[in-house]
Every structure is written in structure tokens, then in C-alpha cells.
Amino acid sequence: MTKKSLKYNALIASMEISGDCPSLTCSKPQLEAFRWVTLPVDESLNYLPNILRNQAKGRPARSHWPDDTFKCSCCGLSMFTSKEAAVHKFSSIPELNRKKLGFTHVARATITLDHGLASIPNREGHFDFFEYEDFDTVASFKLDSSL
Amino acid sequence: MIHWEAKYLLNRLPVEGLRKFADLIEYEGPILSHFKDVAGRDYLFYWVDDDAQVVRWIVWSVEMQTLVAYLNKEIGLYDMMRLAQAGRLFVVDMEHMEALRTVGYANLEDLPEAYLPLDNLIYAYEMPEAYNALIAEEPSMYLTRLRERALVFEMKPKDSKFSTTVEMGDAGMFLRRLDRSFQNFAKDDFFERFKNTFGDFNRLKRTLSELMQIVSPRIVTLEYRSFVVGISSDNVHRPEDTNFTDWQENILVNYQREVVDRNYNDPATVEAIVTKYGEEARAGIFGPFMDILNDSNYRISAYNRVGTFKRELRPVDESKELQIVSRAKRVVDPESKVLVNLILELPSNQDLGHLSRKALSQGLLFSQVVSEAHMSLTVIETDDYRVTLTKPLDYVLRLEGDRYRIELSDLEISVIGTSREDVQRKLVTTFVNKYLDSRITGHPAQRLASLFQGLGITLVKSG
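Residues numbered from 1 in each chain as written. Chains lettered and ligands numbered in written order. Predicted model: local features only at pLDDT ≥ 70, side-chain atom pairs only at ≥ 80, totals over all residues.

Participant: Break down the overall build of chain A for me, citing the residues and quoting the values.
Facilitator: Looking only at helices and strands, chain A features six helices and six strands. When its helices and strands are written in sequence order, chain A yields α-β-α-α-β-α-α-β-β-β-α-β. Taken over 147 residues, chain A has a buried fraction of 37%. In chain A, of all internal contacts separated by at least 6 residues, the share reaching a separation of at least 24 is 80%. (Helix = DSSP H or I, 4+ residues; strand = E, 2+ residues; numbered from the N terminus. Buried ≥ 20, exposed ≤ 12 C-beta atoms within 10 Å, placed from the backbone. Contact = placed C-beta atoms within 7 Å.)

Participant: Tell me what's going on with the sheet that holds strand 10 (residues 227–232) of chain B, and back it up with residues and numbers.
Facilitator: All names here are of chain B. The antiparallel open sheet is built from five strands, whose spatial order is 9-10-8-11-12. Edge strands, defined here as strands with exactly one partner in the open sheet, are strand 9 (218–223) and strand 12 (310–313). Sheet twist, expressed as the average angle between the axes of neighbouring strands with direction ignored, equals 20°. (Pairing = 2+ DSSP bridges. Axes fitted to C-alpha atoms, helices over the stretch in contact; angles between N-to-C directions.)

Participant: Describe the interface of chain B and chain A, with residues and values.
Facilitator: Contact residues are listed per partner, giving 27 residues for chain B and 21 residues for chain A. Those elements giving two or more residues to the side of chain B that touches chain A turn out to be strand 2 (19–26), strand 3 (30–36), strand 4 (42–50) and strand 5 (54–62) of chain B. Looking at the side of chain B that touches chain A element by element, the count peaks at four residues for strand 4 of chain B. The residue makeup of the side of chain B that touches chain A, split by class, is 18 nonpolar, four polar and five charged. (Nonpolar A, V, L, I, M, F, W, Y, C, P; charged D, E, K, R; others polar.)

Participant: Any chance you could break down the pairing of strand 1 (residues 31–37) of chain A for me, citing the residues and the numbers?
Facilitator: Residue and element names in this part refer to chain A. Counting buried residues along strand 1, five of its seven residues qualify, which places the element largely inside the surrounding structure. As paired elements, strand 1 and strand 3 (residues 105–111) share seven bridges and run antiparallel to each other. Note on strand 3: the bridge partner recorded for Ala 33 is Ala 109.

Participant: Could you give an account of the confidence of the model for chain A, naming the residues involved and the relevant values?
Facilitator: Looking at chain A as a whole, its pLDDT mean stands at 90, while 97% of the residues score no less than 70. Highest mean pLDDT in chain A belongs to strand 3 of chain A (96); lowest belongs to helix 3 (residues 68–73) of chain A (87). (pLDDT = per-residue confidence, 0-100.)

Participant: Explain the packing of helix 5 (residues 168–194) of chain B against helix 6 (residues 201–215) of chain B to me, and be specific about the residues and the numbers.
Facilitator: Residues and elements named next belong to chain B. Their axes nearest at 11 Å, the elements helix 5 and helix 6 cross at an angle of 140°. When the interaxial angle is binned, helix 5 and helix 6 end up oblique. For the pair helix 5 and helix 6, the crossing hand works out as right-handed. Contacts between helix 5 and helix 6 involve Gln 183, Ala 186, Lys 187, Phe 190 and Phe 194 on the former and, on the latter, Leu 204, Leu 208, Leu 211, Met 212 and Val 215. Looking at the contact of helix 5 with helix 6 residue by residue, the classes come out as eight nonpolar, one polar and one charged. (Parallel < 35°, antiparallel > 145°, perpendicular 65-115°, else oblique. Left-handed = near helix turned anticlockwise from the far one by under 90°.)

Participant: Residue-level account of helix 5 of chain B, with values.
Facilitator: Residues and elements named next belong to chain B. For helix 5, with 27 residues, the first-to-last C-alpha span of 39 Å sits near the 39 Å given by 1.5 Å per residue. Residues of helix 5 that are buried: Met 173, Phe 174, Arg 177, Leu 178, Ser 181, Phe 182, Asn 184, Phe 185, Ala 186 and Phe 190. Residues of helix 5 that are buried make contact with strand 8 (151–157), helix 6, strand 10, helix 7 (245–260) and helix 9 (279–293). (Expected span 1.5 Å × (residues − 1).)

Participant: Explain unusual backbone geometry residue by residue, including any values.
Facilitator: Peptide bonds are mostly trans, and most non-glycine residues show a negative phi. With an omega of -5°, the peptide bond between A:Cys21 and A:Pro22 qualifies as cis. Mapped onto the elements, A:Pro22 comes out in the loop between helix 1 (9–14) and strand 1. Residue A:Pro40 follows A:Leu39 across a cis peptide bond; omega there is 0°. Structurally, A:Pro40 can be placed in the loop between strand 1 and helix 2 (50–56). Positive phi, close to 50°, is recorded for B:Asn120, a residue that is not glycine. On the secondary structure map, B:Asn120 appears in the loop between strand 7 (99–107) and helix 3 (131–137). Here the phi dihedral of B:Ser163 falls at roughly 55°; this positive angle occurs in a residue that is not glycine. Following the sequence through the fold, B:Ser163 ends up in the loop between strand 8 and helix 5.

Participant: Before we move on, could you go through helix 6 of chain B and cite the residues and values that matter?
Facilitator: Residue and element names in this part refer to chain B. With 15 residues, helix 6 ought to run about 21 Å at 1.5 Å a step, and its terminal C-alpha atoms sit 21 Å apart, in line with that. Those residues of helix 6 that fall on the buried side of the exposure criterion are Thr 207, Leu 211 and Val 215. End-on view of helix 6: buried residues confined to an arc of 70°, all on one side of the axis. Structural note: helix 6 exposes Asn 202, Arg 206, Ser 209 and Gln 213 on the side pointing more than 90 degrees away from its buried face. Each element contacted by the buried residues of helix 6 is listed here: helix 5 and helix 7. (Arc of directions from axis to C-beta.)

Participant: Lay out the environment of B:Lys391 with the relevant residues and their values.
Facilitator: All names here are of chain B. Mapped onto the elements, Lys 391 comes out in strand 16 (residues 385–400). Overall, the presence of 11 C-beta atoms within 10 Å leaves Lys 391 in the exposed class. Expressed as a C-alpha distance, the spacing of Lys 391 and Gly 454, which sit 63 residues apart in the sequence, is 7.6 Å. Other than its neighbours up to four places away in sequence, Lys 391 contacts Gly 454, Leu 455 and Gly 456.

Participant: A description of the packing of helix 5 of chain B against helix 9 of chain B should follow, citing residues and the corresponding values.
Facilitator: Residues and elements named next belong to chain B. Here helix 5 crosses helix 9 at 155°, and the two axes come no closer than 8 Å. When the axis of helix 5 is compared with that of helix 9, the two are roughly antiparallel. For helix 5 against helix 9, the interelement crossing comes out left-handed. Across the interface between the two elements, Phe 174, Arg 177, Leu 178, Arg 180, Ser 181, Asn 184, Phe 185 and Asp 188 from helix 5 touch Ala 281, Gly 284, Ile 285, Pro 288, Phe 289, Asp 291 and Ile 292 from helix 9. The residue inventory of the contact of helix 5 with helix 9, partitioned by class, reads eight nonpolar, three polar and four charged.

Laid out in C-alpha cells, this is it:
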């Protein structure tokens, strides 16, 4: 079987990460994934890794003294393992920051081992998804609900 | 980005050797982060704004105690900002991830309102694991952490004679019973959960013994207006084997759910307990707890500090109690006593006040544990009076669990004590007071006067 290449390999290479990215602990997913978006849900900016989305919006990356783990995470798409986790996480952020982040809705998609690699979800149900080159993220995600 | 000019500009953040300790709120980058400087002082970085060139942070020095209160959900983010040390905050514009562009110095009231987290959001998650080691090193924080999850019990005397105060012996008994019940629950719960993961029973016992040293209940709050005690179990010192972390984290909540937050008079509850727990476990866990509930001298209530549980704890009907713990399976308190009826064969001139062990063992014909003994006395002494009776005063001494009760039903006297001496002292005081009251015209006790007269009482004031 041919090894699939990641959609943002070039971006990962440009970040000068010393370790493995994605991490070797990433696994092939099979789950319903949830992601914060803005409307319209099929806006392509919704599905860019955060470092590219920030660049597209003319904003610097938000970090202080970033390490390799952070740099690698910037090259993935933030997702949640459940709608509840996605909504709870959003509500845990102060309102002024929620406004600045700009997200308004939750979109959902089924992601499988054919679509990419997923990091181990953290205690908040958040994980990074590193999509394969041939995965059409925009077409796969459908609007679920408002945040 | 909001145009904001600091009254005072600095050329750098006046802090040496900052290193990040944890991101407390983050999404695709930090939103609120905790840093430490070389001297171990604590700082918070809070993201408030950005533009094409810079990300703006409010930075302030925070007391660790304040930060722990935030992580314990006791105060909100805005509270933390208001508690900035000396009220000083820095506004830091940071460029390209690393370089500081400008640093302004401000008081809270100088900041744009848009930079204030006025929703004062409470921290939404469990305290990050990284803080356990910090807290373990700081006694006051260790206590704060344990208090956060405390299960609180309140004992209120039913009799208001001594206001809401509780006898020390009763408080001690209460704590002993609670401790026994909790420890037995923890052991049983651990055994049931992990019995199949240990091939070696001795290793299971060793592990359990080590864990019990950590999780044994500790007193974390105490009030004496009425007796209020908060107990908690340690979730700061972690076991070496991380497989037991969840068990440790949840053991107190599980005890609350399985033992404290129960209606023992509900048949379905009793059935669920009998189905789930074996006889030995029921005796060890529920026996001492029901003893607490059935203490007729006190009203007991319980609640947790996080505010999700509050309950008045009711006495358990005898039939339900016996379904859960049969008398035969009652775990014997090492300090408990029984009344025994003995029939001895002794020389007719034997002084019963000085029976030797040999006389006892050789002369014993019959013994039987009894729940009550019929006794009598002819002389009663208090600090103030000596009372002599021409007719013996008969009374019944009962041992109810670990309490002694003396009843003289004719004279409407019923007293309870924690020891034989205690209950006899109370009997004497109550008897004398009632006798004196019976001699007062119009006093309710006057109706008992003829009964007292029948005893042929001679009362002499001492001293």
C-alpha cells in the first residue's frame, strides 16, 4: 500500500520542527469529528490549519516562545471528539476572546483512517487532525449547530 | 486592535527568566498562560488583542494562592486580574511569536473596558495535573485542594440543653465510625475493581495498603458551634502506578454516592445494597454508617463543598438495618462492650466485690450476653447531695450499640451515656433534680411526688 502524503507537508517542513510531526503517537481515526467554524460552513478558510488561517486574515500566530509541539499543532486542524466537548470548550473561553476568535457554529464530519492522522484527544476532547492530500475537508464538513 | 497608549512605557518586561508553567485556557494558541520567573514568582499572560503585526497580552503578577483559588473555581478570571499584585498590570505587544515590541504599565482602571474579562468566567476544567506537585509542596494549598472536594457532616444535638454543642466522646465516636465505614468502602471498592488485574493476591494487598495510606479520610474543616466536620481524601499525592489515579480521584465521590447519599428506608435501596455488596462488606461499610444515622441524640446532615449534594440523614428502620447488616455480622468495635449475665458457683462466704480470675473460671456455670440488666441502688451521691433510700431504686441498664441507657419508667427518667460511669452520673443528677422539682408546688414533676415518697428518701446537702 502506498503511503499517503499529508496535505500540509510543506508547511510542516517550513516550521523547522526538530521532532516528528505529526507525532508518532498520532493514530488513524474512525470517528465523528466536530470543528468550530464561521458561516458559510463551506468557506475554505474554515478548514485551514490555524497558522495559515491567521496568515490569510493578516494576523500573527498567537503564542509566546513556541515549542515544537505548538509549531506542529499549528499545522493541524483543531477538532473535538463530540459536539458537547466542542460547545463546552467554547463556553470555557472568556467572552472577549470568543469574539476575537470569531467562531459561531459547529460543523461535523466523519473522519476515517483514509482521511488523515489524529493526535490523542486531550482531557477537553480536543485533537489535531493532519489531513491527507486527497481529503476534501470543505466538502466533508456539514453544519451541525450554533455555538 | 484598539489604540491604547500607556501612561508609562518600559523598554522590557521587568521580569527575569520567564518560563511557561502551563496554558490554562488555550485554543490554537494560548489565551491564558501561567509563567514563573527565576525567583519562582508567578505571572499570568492573558490575550486581549492583535493586529497584523503584534499580539497584545495583559501580564500581571499573581499570588499562587489566588491562582489556586481560580483553578479551584472559587474566583473568576476578572477577580484574578483585580487581585494583581500592587494593582499593576503590564500591556505587552509581542511580535512574531517571540519579540516584545512594547511594554506599557497600567492600573486596572487605565485599561480599555474591552480588555477586561468582565464575564469573570470560572475555570471550566479540573485543575491541571501539573499543579499537584506545586500544591503538595505548599501546606496551605494542599489543604485548599482537599477542602475543595470535602464531604461535610453536621451533628446537631436534639436536646437543646447544652445549646448546639456536642460531647467530645460523641464527636470522637462519630469520626471513628465514619473513618471505619470509609476505609472499608475504599478497600472493598479497590478489591472489586482491580482483583482481576493482579495475578498475585499479596501484591494486591500491598498495593491497597500503600494506597490506603494516601486516601484515608482527613479532617479538612471543623466548626464547633454545632459539630461540623469536613472530610476529604488526598488527590494530590499520586500513586506511582497511574492505573489507580482515577480510582483515587473518585473514591470520595463514590463513597458519597454509594453510602452517604442513600435512603436506607427505601426497600429498593436496601435491595440494591444487598445485591451489590457481600455480607462482610455490608457489615464493614454500612454497619458503622447506620450506627451514625441511628444515634438518637443527634440530627445528622451532609453536603459537599462543590454544592452538588445536600441531605438530611435519617435514622434507619430496624427491619431495614437488619436486612443490610445482620446482628451476627456486625463488625465489633474494638472498644465495644457487652453485658453478660453470669451464673457462678462460689463459696458462700465469697466477697463478690473481690472475685479472683480463678474463682470466675472455676465457678462459671452459665453465661449469656444480654441487652439489659436489672439493677438497683440505695445510696445516691452527687457533688451537692447525699440521698439515702429505704427502698432500693430499681432501674434497667441497657447497652445500645456503644451507648449505655438507664431507664426508670415510673419516674419518667431516661438517660444515655457513653460509658457506665457517664450514664450513672447522669442518672444521679437527673434523679436528684427531679426529686427536688417534685417538691415544688405547681411544678410538672410534682405529680411524681408520691412515687419519690415511696422510696423513703433522706436527702442531706453535702459539705
